[in-house]
Amino acid sequence: MDKAIRKLQEELKWPLEIRKADGDLCEASCDPEEKKHIFFFPEGESRNNSQFMRCLCQALLAEMVHPLFSAVVVEGPEAMPESVFENHIWPIFCVSRLWFADALMKERCPEENRKEIEKKLDLIDRSFPEGQIRANLSHTLQVALTLAEAKHFWQIDRKPQGTIEEMIGAFLQIDPYKPDLNALKGLNHCLLKKYSSFSAELVHNQDMGEQTWRVF
């Protein structure tokens, strides 16, 4: 994995800035105006692990395809309560981009990708021993992403039922190996429809000089 990480870093043209994360998760974003990547890492977290590699994959897609594969920039309806936006809209845009980053990671470092998926599947089995996924939207999306990746990348099929099955189906409709804005838009639209009546569109952001998301 170290070799794959070095190669990804060498391919990046924008500088990388590491900031301290508020929580215990590693997150990637970018600033398309200043053309730089920003990774949020917990104190003392190693930079030679799968989370760092996933962030690098997001960064490379941000440069090669569009910054929205790394940065999450979403404008919601003015009348929407902030709690609704944070709990039912924001998580979708955070997780959808990972479908493509993880596919790139699988191409660059397949053994590490498989180990990560197997580790997450074990965690899902222990967290939901009866097979019923009971969690908030953010965690449910993460479970759906893992199960979709297990099936699409490694032909490991857990055959879930109900809403989680529909959510997995939304991921599987989109080819993660062909990242483009239309594919990301289609995935966001499908996931939004599972939990709301909202849709997402791309709009030009004059301040950023790039397209960003608007929910309507």
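Note: the structure precedes this text.
### Some thoughts on the packing of helix H6 (residues 163-172) against helix H7 (residues 181-195)
Part 1 of the argument: The geometry of H6 relative to H7 is characterised by a closest axis approach of 9 Å and an angle of 165 degrees between their N-to-C directions. Comparing their axes, H7 and H6 come out roughly antiparallel. Two packed elements cross with a definite hand, and for H6 against H7 that hand is right-handed. Contacts from Thr163, Glu166, Met167, Ala170 and Phe171 in H6 reach Leu187, Cys190, Leu191, Lys194 and Tyr195 in H7.
Part 2 of the argument: Along the lines of polarity and charge, the residues of the contact of H6 with H7 split into 7 nonpolar, 1 polar and 2 charged.

### Thoughts on the sheet that holds strand E3 (residues 36-41)
Part 1 of the argument: Taken together, 3 strands build an open sheet; the order of strands is E1-E3-E2 and the sheet is mixed. In this open sheet, the two edge strands, each paired with only one partner strand, are strand E1 (16-20) and strand E2 (27-31). Sheet twist, expressed as the average angle between the axes of neighbouring strands with direction ignored, equals 25 degrees.
Part 2 of the argument: Bridging between E2 and E3 involves 5 bridges; their strand directions are antiparallel. Bridging from a neighbouring strand, Ala28 pairs with Phe39 of E3.
Part 3 of the argument: The strands touched by helix H2 (residues 50-64) are E1, E2 and E3; relative to E3, the strand with the most contacts, the crossing angle is about 160 degrees.

### Digging into the sheet that holds strand E4 (residues 74-75)
Part 1 of the argument: With mixed pairing, the 3 strands of this open sheet are ordered in space as E4-E6-E5. Edge positions in the sheet fall to E4 and strand E5 (200-205), since each of these pairs with one other strand and no more.
Part 2 of the argument: Contacts from H7 reach E5 and strand E6 (210-215) within the one sheet, and its direction differs from that of E5 by about 135 degrees.

### Comments concerning H7
Residues lying three or four places apart along an α-helix face the same way, a consequence of the helix completing one turn every 3.6 residues.
Part 1 of the argument: Over its 15 residues, H7 extends 22 Å from the first C-alpha to the last, a length consistent with the 21 Å expected when each residue adds 1.5 Å.
Part 2 of the argument: Looking at H7, one finds that the buried residues are Leu181, Ala183, Leu184, Leu187, Asn188, Cys190, Leu191 and Leu192.

### Topic: the pattern of salt bridges
Part 1 of the argument: Following the criterion strictly, the structure yields 15 salt bridges and no others.
Part 2 of the argument: For Glu116, the salt bridge goes to Lys119, with nearest N and O atoms at 3.2 Å. With a gap of 3 residues between them, Glu116 and Lys119 both fall in helix H4 (residues 110-127), about one helical turn apart.
Part 3 of the argument: Note on Glu116: relative accessible area 15%, which makes it buried.
Part 4 of the argument: A single network of salt bridges, built from pairs that share partners, joins Glu17, Arg19, Glu34 and Lys36.

### Quick look at the pairing of E5
Part 1 of the argument: Strand direction decides the pairing type here: E5 and E6, joined by 6 bridges, are antiparallel. The residue bridging His204 from the neighbouring strand is Gln211, located in E6.
Part 2 of the argument: Between E5 and E6, which pair antiparallel in sequence order, lie 4 residues; one of them, Gly209, sits at a positive phi of approximately 70 degrees.

### Quick notes on unusual backbone geometry
Part 1 of the argument: The phi dihedral of Lys35 falls on the positive side, at around 55 degrees, and the residue is not glycine.
Part 2 of the argument: Relative to the elements of secondary structure, Lys35 occurs in the loop between E2 and E3.
Part 3 of the argument: Residue Lys35 is classed as partly exposed on the basis of its relative accessible area of 45%.
Part 4 of the argument: Even without glycine at this site, Lys159 takes up a positive phi of about 50 degrees.

Parameters at a glance
Residues numbered from 1 in each chain as written. Predicted model: local features only at pLDDT ≥ 70, side-chain atom pairs only at ≥ 80, totals over all residues. Heavy atoms only, no water. Axes fitted to C-alpha atoms, helices over the stretch in contact; angles between N-to-C directions. Helix = DSSP H or I, 4+ residues; strand = E, 2+ residues; numbered from the N terminus. Parallel < 35°, antiparallel > 145°, perpendicular 65-115°, else oblique. Left-handed = near helix turned anticlockwise from the far one by under 90°. Contact = heavy atoms within 4.5 Å. Nonpolar A, V, L, I, M, F, W, Y, C, P; charged D, E, K, R; others polar. Pairing = 2+ DSSP bridges. Expected span 1.5 Å × (residues − 1). Buried < 20%, exposed > 50% of the residue type's maximum accessible area, 1.4 Å probe, protein only. Salt bridge = Lys/Arg side-chain N within 4 Å of Asp/Glu carboxyl O.

Fair warning: the whole summary comes from geometry, so function is off the table for now.
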